[in-house]
Amino acid sequence: SLRFPQKLWKMLESGKFQSIWWSEGGKCVAINKNLFEVEVLGRQGQQVFHTQKIKSFMRQLNAYGFTKMQRNFQRSASLPEFLAEEAAASTHSQILYYYNPSFNREHPWLLETCKRR
């Protein structure tokens, strides 16, 4: 079975989920917290992660070296990312941004260095 970072990567690349996407040109992971809880963690039968709690999911992110980012950096350059962020922001839902230097869409080979602390 895949480790947490590989599952997360596969999920982001699948395009099947509206609650999680690449942000900042593939350098950050953006998560619409409320939608993620329903769409991913609340799935019956085919769970992606071994938890149904957002706090446990965030602990996993932290355990693999992801840090929570404050949203004061500039908006995404790509139109789909920008529209996703605008739509999410307009619904007043909480968007969480996580960064890990070993988790970068442009450098998939770095995924191997993404280890549990």
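Residues numbered from 1 in each chain as written. Predicted model: local features only at pLDDT ≥ 70, side-chain atom pairs only at ≥ 80, totals over all residues. Heavy atoms only, no water.

(A) Examining the overall build of the chain more closely. A tally of regular secondary structure across the chain gives 4 helices and 4 strands. Secondary structure elements of the chain, listed N to C terminal, follow the sequence α-β-β-α-α-β-α-β. A burial count over the chain gives 44% of its 117 residues as buried. In the chain, the share of contacts with a sequence separation of at least 24, taken over all contacts with a separation of at least 6, comes to 66%. By element, 53% of the accessible surface of the chain is carried by carbon and sulfur atoms, the whole surface being about 7,000 Å². (Helix = DSSP H or I, 4+ residues; strand = E, 2+ residues; numbered from the N terminus. Buried < 20%, exposed > 50% of the residue type's maximum accessible area, 1.4 Å probe, protein only. Contact = heavy atoms within 4.5 Å. Areas by Shrake-Rupley, 256 points an atom, 1.4 Å probe, with all protein chains shown as cover.)

(B) Here's a closer look at the environment of Met 11. You can see Met 11 is positioned in helix α1 (residues 4–14). Classification of Met 11 as buried rests on a relative accessible area of 4%. For the pair Met 11 and Val 40, spaced 29 residues apart in sequence, the C-alpha separation works out to 9.8 Å. Apart from residues lying up to four places away in sequence, Met 11 is in contact with Phe 17, Ile 20, Phe 36, Val 40, Val 48 and Phe 49.

(C) Highlighting the pattern of salt bridges. Under the definition given, this model contains 1 salt bridge. Between Arg 105 and Glu 13 there is a salt bridge; the shortest N-O distance is 2.9 Å. Remark: Glu 13 occurs in helix α1 and Arg 105 occurs in the segment after β4 (95–99); sequence separation between them is 92 residues. (Salt bridge = Lys/Arg side-chain N within 4 Å of Asp/Glu carboxyl O.)

(D) Quick look at the nonpolar core. Ranked by internal contacts, the top residues of the largest apolar core, which has 26 residues, are Leu 8 and Phe 36. When residues of this core are traced back to their parent elements, those giving at least two are α1, β1 (20–23), β2 (28–32), α2 (33–41), α3 (54–63) and β4. Counting residues per element, this core draws most heavily on α1, at 5 residues. Ignoring anything within four residues of it in the chain, the contact list for Leu 8 reads Ile 20, Phe 49, Phe 57, Leu 61, Phe 66 and Phe 103. (Core = buried A, V, L, I, M, F, W, Y, C linked by side-chain atoms within 4.5 Å.)

(E) Spatial organisation of the packing of aromatic side chains. One pass over the structure, following the stated rule, counts 9 aromatic pairs. Ring centres 5.6 Å apart and planes at 20° place the aromatic pair Phe 4 and Tyr 64 in the stacked group. Taken together, the residues span a long stretch of sequence, with Phe 4 in helix α1 and Tyr 64 in the loop between α3 and β3 (67–69) at a distance of 60 residues. The class for Phe 4 is buried, based on a relative accessible area of 6%. Put simply, the rings of Phe 4, Phe 36, Phe 49, Phe 57 and Tyr 64 touch in pairs and so form one group of aromatic residues. (Phe/Tyr/Trp six-rings, centres within 6.5 Å; stacked < 30°, edge-to-face > 60°.)

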